[in-house]
Amino acid sequence: AGTFSMAVNGGGPLTFQYERSGYPTIQRTEDIPWQDYVVMPDVVMTPYDTNVTTITGVPAIQVHRATTSRDTDGTRTATLFFQQNTTCTFTGTSGVTQNLATYNVRVTEFTVGRNGPNAMPGNLDPEVGYTYCSEFSVDEAVAAGTSKATFSKPVLFYLENYLSFPVGTSVPVGSYDLDSAGWIPDTNG
């Protein structure tokens, strides 16, 4: 908790990045006018989920279940399914690429409780409704200083319909990219 004062060049958008060990990075982008000041919106940083699963690639399917979230929206548990022999590849800040057959995964939900909107990884586009957002992370990639990891096979994600959307409703899907400080749309679910 706290406040910070910074002098920056105005005249356009500026992205602020909030980092702390043990927490996913979040960003906020604001338009900074010339010769004026801006008060940034409050942010809430969410610690990485305590549930972690070591993926070894040995069984036919390995399952990771995040900590169950409960709030006024409902109860939900994020679940990831890894096919046998799914490897993980990432390049750390040192430039070294690692390809791991064994690695540790977590799913950290941002959208829990009344602070959820302030915990989002980045500004939410005005035309997108606030619903569910989580960070899928690999401990080894985080330790290497990168937020991007790729897998050799598709990793399946399951989440209960805790918002009671009608069956067959199109669900917008996207991810937040720290490098471009923006949301990247994907195929609707």
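This text gives an overview of the structure that appears in the document. Here the structure is a predicted model, which is why all the values come from computation and not from measurement.

Looking at the overall build of the protein
- Broken down by element type, the protein carries two helices and 15 strands.
- Based on the C-alpha atoms only, the size of the protein along its principal axes is roughly 60 × 45 × 30 Å.
- Here the protein holds 189 residues, and the buried ones make up 32% of them.
- Taking the contacts inside the protein whose residues are at least 6 apart along the sequence as the reference set, 57% of them involve residues at least 24 apart.
- Looking at the protein as shown, the accessible area adds up to about 11700 Å², and 53% of this sits on carbon and sulfur atoms.
- With 9 positive and 18 negative side-chain charges, the protein shows a separation of 10 Å between the mean positions of the two kinds.

A word on the packing of aromatic side chains
- With the rule as written, the count across this model stands at seven aromatic pairs.
- Here Y132 and Y162 contribute two aromatic rings whose centre-to-centre distance is 6.3 Å and whose plane-to-plane angle is 70°, an arrangement assigned as edge-to-face. In this pair, Y132 is assigned in the loop between helix 1 (116-119) and strand 11 (134-138) and Y162 in the loop between strand 13 (156-158) and strand 14 (173-177), connecting sequence segments 30 residues apart.
- R76 extends its terminal NZ or CZ atom over the ring of Y162, reaching a point 4.3 Å from the ring centre.

Side note on the environment of V44
- For V44, the position within the fold is in the loop between strand 2 (26-32) and strand 3 (53-55).
- A residue is classified by how much of its surface remains accessible, and V44, at 25% relative accessible area, is partly exposed.
- The residues touching V44, leaving out its near neighbours within four places in the chain, are I26, N115, N118 and A119.

Overview of the sheet that holds strand 8 (residues 88-91)
- Strand order in the open sheet formed by three strands is 9-8-12, and the pairing between neighbours is antiparallel. The sheet is open, and its two edges are formed by strand 9 (97-100) and strand 12 (150-151), each paired on a single side.
- As judged from the two bridges shared by strand 8 and strand 12, these two strands associate in the antiparallel manner. Residue pairing for strand 12: C88 is matched across the bridge by F151.

Criteria and cut-off values
Residues numbered from 1 in each chain as written. Predicted model: local features only at pLDDT ≥ 70, side-chain atom pairs only at ≥ 80, totals over all residues. Heavy atoms only, no water. Helix = DSSP H or I, 4+ residues; strand = E, 2+ residues; numbered from the N terminus. Buried < 20%, exposed > 50% of the residue type's maximum accessible area, 1.4 Å probe, protein only. Contact = heavy atoms within 4.5 Å. Areas by Shrake-Rupley, 256 points an atom, 1.4 Å probe, with all protein chains shown as cover. Lys, Arg positive; Asp, Glu negative; His and termini not counted. Charge placed at Lys NZ, Arg CZ, Asp CG, Glu CD. Phe/Tyr/Trp six-rings, centres within 6.5 Å; stacked < 30°, edge-to-face > 60°. Lys NZ or Arg CZ within 6 Å of the ring centre and 35° of its normal. Pairing = 2+ DSSP bridges.

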